[in-house]
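Each chain, letter by letter, is given below.
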Amino acid sequence: MEKAEKAVNEGEHQVCDEGDRVWSGSWVAERLGVELVGDDPLTGLLGLALRRNPKRAHLLVSNVLGKHVPQSPSVVYGYGVELGRRVRELLGAEEAGRAVVLGYAETATGLGHSVADGLGLAPYLHSTRRPVAGVAAAGGFEEAHSHATSHLLLPEDPALLAGDGPLVLVDDEFSTGNTVLNTVRDLHARYPRRRYVVVALVDMRSAADAGRLEEFAREIGARVDLVAAASGTVRLPEGVLEKGQELVARYESESAAEGSSAGAAPSWPVAQFPAPPNGGTAPLGARGTARSAPTGPHPDDCRIDLHWPAGLPDGGRHGFTPAHRKLLEAALPAMAARIAEALPHNARRVHILGFEELMYAPLRLARELERGTDLEVRYSTTTRSPVLVVDDPGYAIRTRLAFPAHDDPADGPGERYAYNVAGAGFDAVVAVVDSAGDTPALHAPDGLLARLAAHTPRVLLAVIPSYAPERPSMLPEPLRGPAFSSYAPEEVGWLLQDLSDVTLEAPTEEREEAIQSGGAHYAESLPVEYQPSERYQELFHAALKDSAARIAQAVGVVTETVLAERSPRPVLVSLARAGTPVGILMRRWAQHRHGLDLPHYAVSIVRGRGIDANALRWLARHHDPRDVVFVDGWTGKGAITRELAQALEEFEKSDGVTGFDPEIAVLADPGSCVRTYGTREDFLIPSACLNSTVSGLISRTVLRADLVGPDDFHGAKFYRELAGTDVSVAFLDAVAARFPEVTDAACAQAKELLATDRSPTWEGWAAVERISEEYGIHDVNLVKPGVGETTRVMLRRVPWKVLARAGAGRDLDHVRLLAEQRGVPVEEVDALPYTCVGLIHPQYTRGATGADGKAVSV
């Protein structure tokens, strides 16, 4: 650490190369009236430039970060390490040993990693703008003033962020503090901690922002400290944004007119760096002789094989542990020696150029090269940030190399930049990229390597393998009709496993006895599928005819609400099986009204055991969890609503995946349990009248340990043999046919609902608790409110009695018929909050007695 400590201790004079006498912020200060006020070292640490960014005019350019300004790697690393040591002193050894460090992409990925090194044994993670296939996000946030705002957190081990030790957040500058505080607020809601430490090279908060940190700490009930190398503020005159934009536009137009754009293609031939065949590494030649003209390297000796250790991450994108640090430290001397061997013999001034978020590994290689040789080594990285270039000693960004992005970025192609490298007199430049960036675009005539070759006699390339976390077991693709279900394949994908060949059915009375005695869970077996009589089927068709328009309007209302509030392109995820027909109808409405082709899946949720976690993992790998909208048919007392919320909370803790919203969208919400619904009326939804024959011939879901392993989806059966009585598609078609006539009314109703308070009142749950006590049941799980839930009791469980609202009409015809067939009494009740309530036999055994102690004949 000798050079690092010397660099930091010598302060502002160390951060600039010899010969720099003018402050590199004076050009902007003189023209825009911007003032940099604060600690003495501040102007040594920072220069000023102008952004090509409509959100903020000026850019604070760090002289010690290694991003825009080439700097001694010992200085860059030394500042980060020293900040880490100060954090360790602040926390004390015990708390420091429990800390986790989080850095911000792209600018502070290397700084954060260096802080983690100074702190000691702290694991490290940095945010990223690069989605990685198969790795679910544990969080994300937006950076409002940035040119590229979306950040992802992709730890290989989700538990990395779930501990309760101090969280150290590292950024290059702390200006308004919004980005850091928003991150803390988001993470604290999921993984509360007692202590946070914010670390920055410079604290540039205004007087108005300075008090927010203490206020924020009180708000979340945690301690929040700030550690910075220097502090001050930027004083901006009125209208500086507009003046800055005018200045940028004028200078860029003048530059274009002169044909002297720093990013323009050179007029002389440029070197090509062909990728090695079959993904191998081109052989190294002997250390060569420096050339005076930019003729470029030969294809056989442009690559440096670092012998990067297997299993060592290229940085902190997925986490970097103390064990990784130990492996890197052991390998650094040999890797730096390979770089030295590949350099020209008479090279004296060498630049190591990192790649956007890949800052730490190139920094450590550069520092090791500097320590082990007599070379003058400088370090910086490429960047996404567009900045005006002005070749003036009083301006921080004097040259720019512009080139196309070469890592196939998720947000599409665009320009990238290397600042202050051209014209710096380097004898050689070593570009260090990860393998995701070693693409044809890197080697193209207008690519980074060609741009560098036009300005230095020697360009070398070192490629570090992009670290790929071990993928969890691969889950199968969704099941689809006609192989599984009678629905068309595009209507729904079932995140289930097919158990059609397994005998799972048991007589209803035996199932009820086993469930209530605690000997079995209801999801471990299936009831025998109810085969409706001809009279009952007639009731279904009559109910469908009467209610199709009413259902269609409710479908329209709930779909329009989802599109307006939740996501413009939602991923519909139905809770199988009652939610599946509703999800398909919502998908059809989105096609009818908006021309959208929405993804739709069905997943299993089991009361008392939660939602299928493997289905959530599949969804997280294929879609943004924030776009997922869970769909169900109706609410009763709200048990599934609570079950889903609890299950998603547990899933966040176990897998670190965030973004799934527990708010269910339902067709009918008579229990007032959700905010997103088509109606709160308790009326007959014909799909509740039947079982599999109105749900694609799919059984209810099954969760049994001997059939469903830890890496399996929950199971279900496909009753192909019931195809003769299947009305699944007929039900959908009958409702969808009414969409045109209800469109205007549905859209008007949705607009009205969106403007009202729809907060759940949980009236249904209160009513169920009251009924449970009044009827001596003392178990809310045996009280099933609403037409849909009552129908389920009659079809699948052992019913005790049915409570019907006095005066209930045709909505209960099918319930009365089922009650007649099963010998179940129907009691009319005044002021019942639901149309009806089904009561499961409270103490079912053979020869059971009811809650009143009398024998009950079923």
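Cut-offs and rules
- Residues numbered from 1 in each chain as written.
- Predicted model: local features only at pLDDT ≥ 70, side-chain atom pairs only at ≥ 80, totals over all residues.
- Heavy atoms only, no water.
- Salt bridge = Lys/Arg side-chain N within 4 Å of Asp/Glu carboxyl O.
- Helix = DSSP H or I, 4+ residues; strand = E, 2+ residues; numbered from the N terminus.
- Buried < 20%, exposed > 50% of the residue type's maximum accessible area, 1.4 Å probe, protein only.
- Polar contact = N/O pair within 3.5 Å; in protein donor to acceptor, adjacent residues only side chain to side chain.
- Contact = heavy atoms within 4.5 Å.
- Expected span 1.5 Å × (residues − 1).
- Bend = angle between axes of the 7 residues up to and from the residue.
- Phe/Tyr/Trp six-rings, centres within 6.5 Å; stacked < 30°, edge-to-face > 60°.
- Lys NZ or Arg CZ within 6 Å of the ring centre and 35° of its normal.
- 1 Å grid on protein atoms, 1.4 Å probe; cavity = no way out; pocket = protein on both sides within 12 Å on 5 of 7 lines; lining within 4 Å.
- Points joined across faces, edges and corners; volume = space filled by probe spheres on them.
- Nonpolar A, V, L, I, M, F, W, Y, C, P; charged D, E, K, R; others polar.
- Axes fitted to C-alpha atoms, helices over the stretch in contact; angles between N-to-C directions.
- Parallel < 35°, antiparallel > 145°, perpendicular 65-115°, else oblique.
- Left-handed = near helix turned anticlockwise from the far one by under 90°.
- Right-handed = clockwise from strand over helix to strand, strands pointing away.
- Pairing = 2+ DSSP bridges.
- pLDDT = per-residue confidence, 0-100.

A. Quick look at the pattern of salt bridges. Counting across every chain of the model gives 40 salt bridges. Among the ionic pairs, D498 bridges to R720, the shortest N-O distance being 3.8 Å. With D498 in strand β19 (residues 497-498) and R720 in the loop between β28 (715-716) and α20 (728-736), this pair connects stretches of sequence that are 222 residues apart. Residue D498 is classed as partly exposed on the basis of its relative accessible area of 35%. In this structure, R816 engages D813 in a salt bridge whose closest nitrogen and oxygen atoms are separated by 3.7 Å. Here the residue R816 and the residue D813 both occupy positions in helix α24 (residues 813-822), the gap between them amounting to three residues, near one helical turn. Among the charged side chains, a salt-bridge network with shared partners connects E95, R98, D164 and R194.

B. Highlighting the side chain of T791. Tracing the chain through its elements places T791 in helix α23 (residues 787-796). Among the polar contacts made by the side chain of T791, one reaches the side chain of H814 at a distance of 2.8 Å. In contact with T791, other than residues within four places in its own chain, are Y536, A688, C689, H814, V815 and L818.

C. A look at helix α16 (residues 534-565). Its 32 residues give α16 an end-to-end C-alpha distance of 43 Å, which sits within 8% of 46 Å, the value for a rise of 1.5 Å per residue. The axis of α16 is deflected most strongly, by about 55 degrees, at S547.

D. Seen up close, the environment of A323. In this fold, A323 is placed in helix α11 (residues 322-342). Using a relative accessible area of 55% as the deciding quantity, one classes A323 as exposed. Once the C-alpha coordinates of A323 and L121 are considered, the two residues, 202 residues apart in sequence, prove to be 9.1 Å apart.

E. Quick look at the packing of aromatic side chains. With the rule as written, the count across this model stands at eleven aromatic pairs. Judged by centre distance (5.7 Å) and plane angle (15 degrees), the ring pair of Y417 and Y419 falls under stacked. Each member of the pair, Y417 as well as Y419, is classed as buried. Judged by centre distance (6.0 Å) and plane angle (75 degrees), the ring pair of F484 and W494 falls under edge-to-face. Taken together, the residues F484 in the loop between β17 (459-464) and β18 (493-494) and W494 in strand β18 connect sequence positions ten residues apart. Residues F484 and W494 agree in their burial class; the two are buried. The cationic tip of R642 hangs over the ring face of W762; the distance from NZ or CZ to the ring centre is 4.4 Å. Its guanidinium or amino end placed over the ring of W765, R642 lies 4.0 Å from that ring's centre, counting from NZ or CZ.

F. Structural detail: empty space enclosed by the protein. All told, the structure shown has eight cavities of 30 Å³ or more when counted by the stated rule. Considering only enclosed or pocket space, the largest cavity measures out at about 630 Å³ in volume. If you go around the largest cavity, you meet 28 residues; those closest to its centre are I640, R700, K784, E789 and R792. Put simply, the parts of the chain that give the lining of the largest cavity at least two residues each are β22 (571-576), β25 (628-634), α19 (639-655), β29 (783-785) and α23. Of all the elements, α23 adds the most residues to the lining of the largest cavity, at four residues. Its residues assigned to classes, the lining of the largest cavity comprises twelve nonpolar, five polar and eleven charged. There is about 90 Å³ of room inside the second largest cavity. If you trace the second largest cavity, you find 13 residues lining it, with A578, W634, S687, L690 and R796 closest to the centre. At four residues, α23 tops the list of elements feeding residues into the lining of the second largest cavity. The class makeup of the residues in the lining of the second largest cavity is six nonpolar, four polar and three charged.

G. Main features of the packing of α23 against α24. The contact between α23 and α24 brings their axes to 10 Å, and the two run at 20 degrees. As summarised for this structure, α23 and α24 are arranged roughly parallel, according to the angle between their axes. In the crossing of α23 with α24, the sense of the turn from one axis to the other is left-handed. Between α23 and α24, the contacting residues are V787, T790, T791, V793, M794 and L795 on the first element and H814, V815, L818, A819 and R822 on the second. Here the residues of the contact of α23 with α24 are counted per class, giving seven nonpolar, three polar and one charged.

H. Layout of the pairing of strand β12 (residues 349-355). Burial of β12 is extensive: seven of the seven residues sit out of reach of the surface. A two-sided burial pattern is seen for β12, the buried positions comprising R349, H351, L353 and F355 on one face and V350, I352 and G354 on the other. Chirality of the crossover, the property in question, places the unit of β12, helix α12 (residues 360-372) and strand β13 (residues 376-382) among those that are right-handed. Sheet topology note: the β12/strand β16 (residues 428-434) ladder contains four bridges and is parallel. Along β16, the bridge assignment pairs I352 with V430.

I. Region of interest: helix α17 (residues 579-594). In a regular helix each residue adds 1.5 Å, so 16 residues correspond to 22 Å; α17 covers 22 Å between its end C-alpha atoms and thus fits that length. Across the 16 residues that make up α17, a large majority, twelve, are buried. Phi for G595, located one or two positions after α17, is positive at around 70 degrees.

J. Local environment of the sheet that holds strand β30 (residues 799-805). Across the sheet, which stays open at both edges, the four strands sit in the order β29-β32-β30-β31 with mixed pairing between neighbours. One side of each edge strand has no neighbouring strand; the edge strands of this open sheet are β29 and β31 (826-829). The average angle at which neighbouring strand axes cross in this sheet is 20 degrees, direction not considered. Relative to the sheet, helix α22 (residues 763-774) contacts β29, β30 and β32 (836-840), its axis offset from that of β29 by approximately 140 degrees.

K. Inspection of the side chain of E643 at higher detail. Here E643 lies in helix α19. Overall, the relative accessible area of 13% leaves E643 in the buried class. Those residues in contact with E643 that sit more than four places away from it in its chain are I605, V606, R607, G608, R609 and G610.

L. Looking closely at the sheet that holds strand β4 (residues 100-103). Ordered in space as β1-β10-β9-β8-β4-β5, the six strands form an open sheet in which the pairing is mixed. A single partner strand is all that each edge strand has here, and the edge strands are β1 (35-38) and β5 (124-126). Averaged over neighbouring strand pairs, the angle between their axes works out to 25 degrees when direction is ignored. By the bridge criterion, eight bridges tie strand β9 (residues 195-203) to strand β10 (residues 223-235) in an arrangement that is parallel. Note that in β10 the partner of R195 across the bridge is R223.

M. Region of interest: the confidence of the model for the protein. Chain-level statistics for the protein give a pLDDT mean of 84 and a share of 86% at 70 or above. Low pLDDT, under 50, characterises residues 260-301; the predicted model gives this stretch 78 contacts beyond four residues in sequence or across chains. Long-range and interchain partners of residues 845-858, a stretch whose pLDDT sits below 50, account for 30 contacts in this model, where long-range means more than four residues apart.

N. Spatial organisation of the pairing of strand β3 (residues 58-62). Buried residues dominate β3, accounting for five of its five residues. The alternating pattern of β3 places H58, L60 and S62 on one face and L59 and V61 on the opposite face, and all of these are buried.

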